[in-house]
Amino acid sequence: MAAHLKRRVYEEFSKTQVVQIPHEEAPAKKLRLSKPSKSAALHVDLCKATNSTDALQYLLHFARKPVEAESVEGVIRILLEHYYKETDISVRLKIASLLGLLSKTQGFGPDCIVDDAINALGNEKSHQVLAQLLDTLLVIGTQLPESPTIRQRLIEVACKHLSDTYFGVRNKCLQLLGCLGLVDAPLNKDGEGPGPLTGVVRDVQSIISDYFGDQDPRVRTAAIKAMLQLHERGMKIHQIIYEQACRLLSDDYEQVRSAAVQMVWVLSQLYPESIVPIPSSNEEIRLVDDAFGKISHMVSDGSWMVRVQAAKTLGSMLQVSPHFLEQTLDKKLMSDLRRKRTAHERAKELFASGEFSSGRKWADDAPKEKLDSNTVYLIASGACGAFVHGLEDEMFEVRIAAVEALCQLARSSASFAEKCLDFLVDMFNDEIEEVRLQSIHVLREISTHITLREDQLDTVLAVLEDKSRDIREALHELLCFTNVSTKECIQLALLELLKNLNKYPTDRNSVWKCLKFVGSRHPTLVLPLVSELLSTHPYFDTPEPDMDDPAYIAVLVLVFNAAKSCPTMPALFSDHTFRHYAYLRDSLSHLVPPLRLPGRKQVCGLDPVDSGSGSGSVESAQLFLQQSLNRVSTIQNLEAPGAQDLLDFTIRDLLRLGELQTELAGAADFCATYLRCQLLLMKALQEKLWNMAVPLCLKQNVTATAAAQQILEETYKLEFLYSGLDSRQVATIHHVRLQAKALQLVLTARTRQGLDPLLSSCEKFLQDVDSFQRLFLTELPHLQDSFVDKLLELMPRLSSSKPAELVKILQTTLRQSGLLQLKLPQQIHRATATIIEPTGESDNPLRFTSGLVVALDIDATLEHVQDPQSSVKVQVLYPDGQSHVIHPKPGDFRKPGPDRHRLITQVYLSHTAWTEPSQIEVRLLLAYSSSSSSSAAKEGWSDSVDGVPPPEAAVEGTIQFSKPVKVFIMPKPARR
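This one's a predicted model, so the numbers in the text were calculated from it and none came from an experiment. (Residues numbered from 1 in each chain as written. Predicted model: local features only at pLDDT ≥ 70, side-chain atom pairs only at ≥ 80, totals over all residues. Heavy atoms only, no water.)

What follows deals with the overall build of the protein. When helices and strands are counted, the protein shows 44 helices and 18 strands. Counting the 976 residues in the protein, one finds 46% classified as buried. Contacts in the protein between residues at least 24 apart in sequence constitute 72% of all its contacts with a sequence separation of at least 6. Surface exposure of the protein reaches about 50400 Å², of which carbon and sulfur atoms provide 52%. (Helix = DSSP H or I, 4+ residues; strand = E, 2+ residues; numbered from the N terminus. Buried < 20%, exposed > 50% of the residue type's maximum accessible area, 1.4 Å probe, protein only. Contact = heavy atoms within 4.5 Å. Areas by Shrake-Rupley, 256 points an atom, 1.4 Å probe, with all protein chains shown as cover.)

Here it is in structure tokens:
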């Protein structure tokens with residue numbers, strides 16, 4: 001009986017082993033069963049160390065290697081064991097540092113090493129090692145935010161070591177209190193836990209504030225930062241801290257003063273309306289006003305870094321009283337910011353002194369106000385003219401900070417914006433380009449509150465002579481949104497802009513755009529100048545100006561935009577002006593508005609885009625887009641010719657929709673490109689191609705191969721040319737790409753001979769399927785009955801199939817899989833580029849000596865391009881087929897607005913001698929790498945997944961996303 005039972009147990013055990021073996025083989029490498037553990041290797045290394053120097057070298061070498069989560073605890077035990085035996089301080093310091101690093105390992109719970117770290121802290125004598133162990137405890141505490149018991153223990157440890165003589169230990173204790181302390185939990189100063197028998201119970205804020213007066217400035221700084229850390233964690237700082245923070249503003253060390261400025265600002269935002277007393281008086285003042293005065297005083301600090309921070313902080317104090325705000329622009333103290341005694345108080349004082357009028361002098365008993373040491377100022381004298389001091393500072397960083405602060409305050413106060421206008425205009429003459437540029441940007445932001453006088457405009461326009469293109473274009477942008485007061489200002493602005501156009505012809509588009517907005521903002525001021533600007537006369541005919549003159553076009557742009565809001569202006573136009581209007585309306589429609597011209601048969605009305613603008617039209621266009629996608633989903637029920645016709649018509653409609661509705665252009669183009677891929681796939685899988693023998697359909701095979709390659713290219717465009725895609729749309733793109741790769745594999749098997757190439761292609765395809773499954777695991781439920789869903793069901797069979805059988809399965813699955821429904825994109829934008837310069841209109845060739853180089857200026861605008869510094873390239877294509885790709889420098893890119901970039905660079909051309917001029921093509925390319933699409937998924941993989949097959953090989957390429965511009969060049973032979 002016992003033998004029978006033993007046999008039964010053995011049989012059951014054997015069955016269990018048979019069932020489990022296939023399950024264990026797959027993740028064998030993932031679990032690293034064949035590799036020695038990191039803890040064992042570390043133990044061997046540390047045992048081999050003969051002295052502390054060797055041990056330190058082994059630890060440094062070990063720190064460079066990643067450690068798996070399952071090995072962390074064993075490694076920590078080995079380190080702690082060596083820590084207790086080690087006598088060298090540097091080795092113990094390194095071990096303490098490694099404990100903190102290992103505690104951050106994902107998947108490891110550091111709560112198991114808290115006791116060991118605290119015990120090591122209690123036995124440690126070295127101050128440096130103590131500080132490092134406290135840092136390790138801080139890391140552990142931040143990794144365990146949901147464990148109040150451990151948090152409380154760590155806080156008690158920090159309180160216990162606050163009395164250490166080494167500043168580094170006190171710093172770490174304060175940092176630990178700031179990161180882990182609870183505002184409502186009572187603590188004991190001795191760190192022995194809460195309770196009435198162990199000392200005075202205090203909260204964490206009072207303990208931290210005790211160290212505001214520490215003898216070491218680094219500890220004082222750490223105490224303020226710990227208090228600020230409590231504020232960042234959502235705890236309300238007590239108002240009693242304000243007085244201590246104000247005293248620290250006069251500390252001897254700049255780090256303390258800098259942190260104190262931040263502390264005072266925080267309290268002014270928490271208690272703005274609280275009333276605080278003025279020292280040595282009976283007066284009271286709002287806390288935010290008092291804080292504003294004290295921080296304004298710091299703009300005159302001896303350290304430029306404190307001055308920068310003080311100036312930046314002033315810009316965010318929007319609740320300050322207006323009279324305090326205006327005092328910062330005047331170095332003289334205003335009378336209403338000084339306490340004045342009443343006449344009754346002055347008479348009482350005179351009576352008490354026993355002095356009376358003698359009557360010899362007229363009005364010698366009139367009340368007189370004397371300014372003496374008892375006079376009380378409501379704002380510190382150093383705060384008077386704080387912004388004046390900041391704008392005149394010797395350090396340009398302080399001047400920039402003051403300009404930015406003025407901008408923030410002026411945006412919220414129209415009266416303050418008017419008062420600071422002169423100061424900002426004066427900054428246009430600063431010696432540093434960055435300061436000038438920032439001043440222009442600031443004035444642009446507050447332009448809605450101001451109107452420039454003629455003298456101010458004269459100072460502003462002087463900047464147009466600046467050699468910096470960025471400065472000039474920023475000023476053009478400023479003039480677009482600035483109001484002027486008189487027609488003389490319009491005349492002055494036009495004259496200076498035309499001088500700018502003559503001196504810097506490359507500014508043409510920027511000047512034209514500027515005059516467009518100047519005209520539309522000031523139609524009544526332009527009206528009296530029309531006759532003079534157009535050189536018209538009531539009785540005599542005047543010569544017709546040259547339409548190729550950029551200056552004349554600039555004048556017309558100004559006049560036509562003013563005429564849109566002034567119906568009486570077209571009556572002043574001559575006949576040739578109407579002809580020029582029609583010409584410019586066609587050639588420069590983005591600069592010339594549609595006008596209703598009296599007495600003309602043709603009324604230049606609204607464009608289709610203009611007439612269709614509005615929220616209602618956008619909603620109807622979005623509804624049409626959704627209906628188009630729903631209609632396409634019914635092609636499963638149609639025959640092949642009908643389905644192809646439906647796709648063709650839908651693609652045409654979507655492209656037209658993108659032209660009419662710019663708001664939906666990205667989504668419409670995206671959907672049209674996706675449907676084009678489906679149309680190409682449908683044509684490649686036609687019935688006649690697969691029912692004929694290979695030699696009889698060579699031409700169809702070539703067509704299908706080209707279609708598969710085109711689908712691949714289109715999927716890369718879908719993925720990298722459009723921004724705002726969600727994970728389901730990316731999964732849909734990868735699904736189409738997988739179908740194209742399957743089609744390529746089937747066509748390769750039909751047309752090529754040999755087993756080895758086919759075998760490697762099949763293995764690569766299976767890796768791609770596995771990579772798809774891992775990258776888009778969460779999206780697989782949305783891909784039911786799709787091509788990849790059927791592949792995953794057949795995956796066990798595919799893995800064991802021969803190449804020929806696998807190809808047959810793929811062919812059948814491809815032909816049976818239907819169209820995968822595309823989710824309607826919401827906020828998708830297409831990356832676009834427009835080359836402004838060169839225009840490609842000139843017939844004069846660019847001549848240079850062969851073998852040498854010539855610089856070609858490139859000016860382009862980029863829309864919705866992610867990271868243009870690394871992805872945008874310039875391609876030059878020569879007539880003989882040579883192609884050069886140039887990577888612009890990061891400094892060549894500017895960002896004038898959100899999702900907009902500007903590329904201003906130079907491309908160097910060179911070639912051998914030509915017999916006659918010819919054209920080269922210049923275009924912009926968008927570089928991509930398919931590895932970037934899966935980088936987010938790969939970040940989650942640790943070093944322990946070596947057994948997982950690698951994802952698809954990174955495919956790098958470029959996409960043309962601008963229209964090519966043709967430029968005439970003529971390399972001349974060198975003279976001998």
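Turning our attention to the packing of helix α24 (residues 454-461) against helix α25 (residues 469-480). Contact pair α24 / α25: the axes reach a minimum separation of 11 Å and the direction vectors enclose 155 degrees. On the basis of their axis angle, the class for α24 and α25 is roughly antiparallel. Taken together, the residues of α25 that come into contact with α24 (itself represented by L457, V460 and L461) are L475, L478 and L479. Of the residues in the contact of α24 with α25, the class split is six nonpolar, no polar and no charged. (Axes fitted to C-alpha atoms, helices over the stretch in contact; angles between N-to-C directions. Parallel < 35°, antiparallel > 145°, perpendicular 65-115°, else oblique. Nonpolar A, V, L, I, M, F, W, Y, C, P; charged D, E, K, R; others polar.)

This part is about the pattern of salt bridges. Evaluated as defined, the whole model comprises 36 salt bridges. K499 is the partner of E496 in a salt bridge, and the nearest nitrogen-oxygen pair spans 3.7 Å. Of this pair, E496 and K499 both sit in helix α26 (residues 487-503), three residues apart, roughly one helical turn. Taking the relative accessible area as the measure of exposure, E496 reaches 14% and is therefore buried. One network of salt bridges, with partners in common, ties together R469, E473, D859 and R902. (Salt bridge = Lys/Arg side-chain N within 4 Å of Asp/Glu carboxyl O.)

Here we take up the sheet that holds strand β14 (residues 893-897). Pairing is antiparallel across the open sheet formed by four strands, whose spatial order is β9-β11-β15-β14. Each edge of the open sheet is held by one strand with a lone partner, namely β9 (832-837) and β14. Each adjacent strand pair in this sheet contributes to an overall mean axis angle of 30 degrees, direction not counted. Sheet topology note: the strand β11 (residues 854-863)/strand β15 (residues 900-909) ladder contains ten bridges and is antiparallel. Bridge assignment links V854 to a residue of β15, and that residue is L909. (Pairing = 2+ DSSP bridges.)

Moving on: helix α15 (residues 287-297). Counted residue by residue, α15 has nine buried out of eleven residues, so it is predominantly covered. All buried positions along α15 are accounted for by L287, V288, D289, D290, A291, F292, G293, I295 and S296.

Under the counting rule described, the total for this entry stands at eleven aromatic pairs. Aromatic pair F560 and F573: ring centres 5.7 Å apart, planes at 75 degrees, arrangement edge-to-face. Separated by 13 residues along the polypeptide, F560 in helix α30 (residues 550-563) and F573 in the loop between α30 and α31 (575-587) bring together distant segments of the chain. These aromatic residues form a ring-pair network of at least three members: F560, F573, F578 and Y581. Residue placement shows R218 over the ring face of F167; its charged tip is 3.5 Å from the ring centre. For the cation-ring pair, R472 lies above Y504, with the distance from its terminal atom to the ring centre recorded as 3.6 Å. (Phe/Tyr/Trp six-rings, centres within 6.5 Å; stacked < 30°, edge-to-face > 60°. Lys NZ or Arg CZ within 6 Å of the ring centre and 35° of its normal.)

Grouped together as the largest cluster of nonpolar side chains are 173 residues, with contacts concentrated most on L137 and I208. With eleven residues, the single largest contributor to this core is α30. What I208 contacts, discounting residues up to four positions off in sequence, is L174, L177, G178, A223, A226, M227 and L230. Residues L654, L780, I858 and V872 belong to the second largest nonpolar core, which totals 101 residues. (Core = buried A, V, L, I, M, F, W, Y, C linked by side-chain atoms within 4.5 Å.)

Right, let's talk about the packing of helix α5 (residues 69-85) against helix α7 (residues 114-123) for a bit. Taken N-terminus to C-terminus, the directions of α5 and α7 make an angle of 15 degrees; their axes are 12 Å apart at the nearest point. Here α7 runs roughly parallel to α5, going by the angle between their axes. Relative to α7, the crossing made by α5 is left-handed. Of the residues in α7, those touching α5 at R77, L80, Y83 and Y84 are D116, N119 and A120. A breakdown of the residues in the contact of α5 with α7 according to their chemical character gives four nonpolar, one polar and two charged. (Left-handed = near helix turned anticlockwise from the far one by under 90°.)

Before going further, it helps to spend a moment on unusual backbone geometry. A cis amide bond links E837 to the next residue, P838, at an omega of 0 degrees. Backbone geometry at H864 places phi at a positive 55 degrees, although glycine is not the residue there. Take H864: it is sitting in the loop between β11 and α43 (868-871). Residue classification places H864 among the buried residues on the basis of a relative accessible area of 19%. At D867, a residue that is not glycine, the phi angle is positive and equals roughly 50 degrees. Relative to the helices and strands, D867 resides in the loop between β11 and α43.

Following the sequence through the fold, D290 ends up in helix α15. Judged by relative accessible area, D290 falls into the buried class, the value being 9%. Excluding residues that lie within four positions of it along the chain, D290 makes contacts with Y242, V276, I278 and I285.

Quick look at the environment of E232 now. As for its placement among the helices and strands, E232 is situated in helix α12 (residues 217-232). A C-alpha to C-alpha distance of 9.6 Å links E232 and G178, two positions 54 residues apart in sequence.

With that settled, the discussion passes to the confidence of the model for the protein. Averaged over all residues, the pLDDT of the protein equals 79, while 80% of them reach at least 70. Below pLDDT 50 for its whole length, residues 601-615 participates in 13 contacts with residues either more than four positions away or in separate chains. Confidence over residues 934-952 falls short of pLDDT 50; this stretch has 31 contacts with residues more than four positions distant or in other chains. (pLDDT = per-residue confidence, 0-100.)

For the rest of this paragraph, the subject is the environment of E273. Mapped onto the fold, E273 is located in the loop between α14 (254-270) and β3 (275-277). E273 gets classed as exposed once you look at its relative accessible area, which sits at 51%.

Counting buried positions along strand β16 (residues 918-929) yields nine of twelve residues, so the element is predominantly enclosed. Strand direction decides the pairing type here: strand β12 (residues 872-877) and β16, joined by six bridges, are antiparallel. Note that in β16 the partner of V876 across the bridge is V922. Where β16 and strand β18 (residues 965-972) come together, five bridges link them in antiparallel fashion. Residue S918 lies in a different strand from β18, and its bridge partner there is I969. Note that β16 and strand β17 (residues 956-960) share five bridges and pair antiparallel. Across the sheet, A927 pairs through a bridge with T958, a residue of β17.

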